[in-house]
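If you want the building blocks of each chain, they are given just below.
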Amino acid sequence: MAAPGYPGWVTRWVSGQWRNKKRPPALRPPRPLALADKVANRREQPTEATCITEMSVMMACWKQNDFNDAPCAEEIRMFYDCVAKAEKERKNQNEDTLSSRGNLPSSKVNKLLRRFPQITRYV
């Protein structure tokens, strides 16, 4: 495998040519080092489907009973209970500010960046 092609000054710096009282070249960033005003909205974790089994049982009951709700009341109630439980868990999970990796979600980061904007000029 071939070595990556680094700029010439990197090779000279690593080889020690800058040690004889010569300073390495100054690295200047192409733009000011400051945070952006917002970050991209991304899902932190892929959401998984919930209550699939209950929904399948409910639809099978509807199909057997010609889509009549009366005989399938128990299956419908089980499905709605599952949905309510999943919503409650999702809300409790959203209240936690940190994800499992210890990072803030993008919505919280954007809220903080709006609250504490970058200082672009000095007083």
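Residues numbered from 1 in each chain as written. Predicted model: local features only at pLDDT ≥ 70, side-chain atom pairs only at ≥ 80, totals over all residues. Heavy atoms only, no water.

1. Focus: the UniProt feature "domain: CHCH" (unreviewed entry) in the chain
At step 1: Per the UniProt annotation, the sites labelled "domain: CHCH" (unreviewed entry) are residues 51-84.
At step 2: Annotated as residues 51-84, this span is 74% helix and 0% strand, and its ends, taken at the C-alpha atoms, are 10 Å apart. (UniProt positions renumbered as here; feature names shortened; annotations may be inferred. Helix = DSSP H or I, 4+ residues; strand = E, 2+ residues; numbered from the N terminus.)

2. Some points on the state of the cysteines
At step 1: Taken as a whole and judged by the stated rule, the model has two disulfides.
At step 2: What pairs with Cys 51 in a disulfide is Cys 82, and their sulfur atoms sit 2.0 Å apart. Around the S-S axis, the bridge from Cys 51 to Cys 82 shows a dihedral of about -95° and counts as left-handed. With Cys 51 in the loop between helix 1 (8-15) and helix 2 (52-64) and Cys 82 in helix 3 (residues 73-95), the pair connects residues that are 31 residues apart, well separated along the chain. Pair check on accessibility: Cys 51 and Cys 82 agree, each one buried.
At step 3: Here Cys 61 pairs with Cys 72 through a disulfide, and the sulfurs are 2.1 Å apart. Taking the sign of the torsion about the S-S bond as the criterion, the disulfide between Cys 61 and Cys 72, at about -95°, is left-handed. Of this pair, Cys 61 sits in helix 2 while Cys 72 sits in the loop between helix 2 and helix 3, placing them eleven residues apart in sequence.
At step 4: When its relative accessible area of 0% is taken as the criterion, Cys 72 is described as buried.
At step 5: Sequence-ordered numbering of the disulfide-bonded cysteines in the chain gives the connectivity 1-4, 2-3. (Disulfide = S-S within 2.5 Å. Buried < 20%, exposed > 50% of the residue type's maximum accessible area, 1.4 Å probe, protein only.)

3. Brief notes about the side chain of Asn 110
At step 1: Structurally, Asn 110 can be placed in helix 4 (residues 106-115).
At step 2: Exposure remark for Asn 110: the relative accessible area of 9% places this residue in the buried category.
At step 3: Not counting chain neighbours up to four residues away, the residues in contact with Asn 110 comprise Lys 38, Val 39 and Asn 41. (Contact = heavy atoms within 4.5 Å.)

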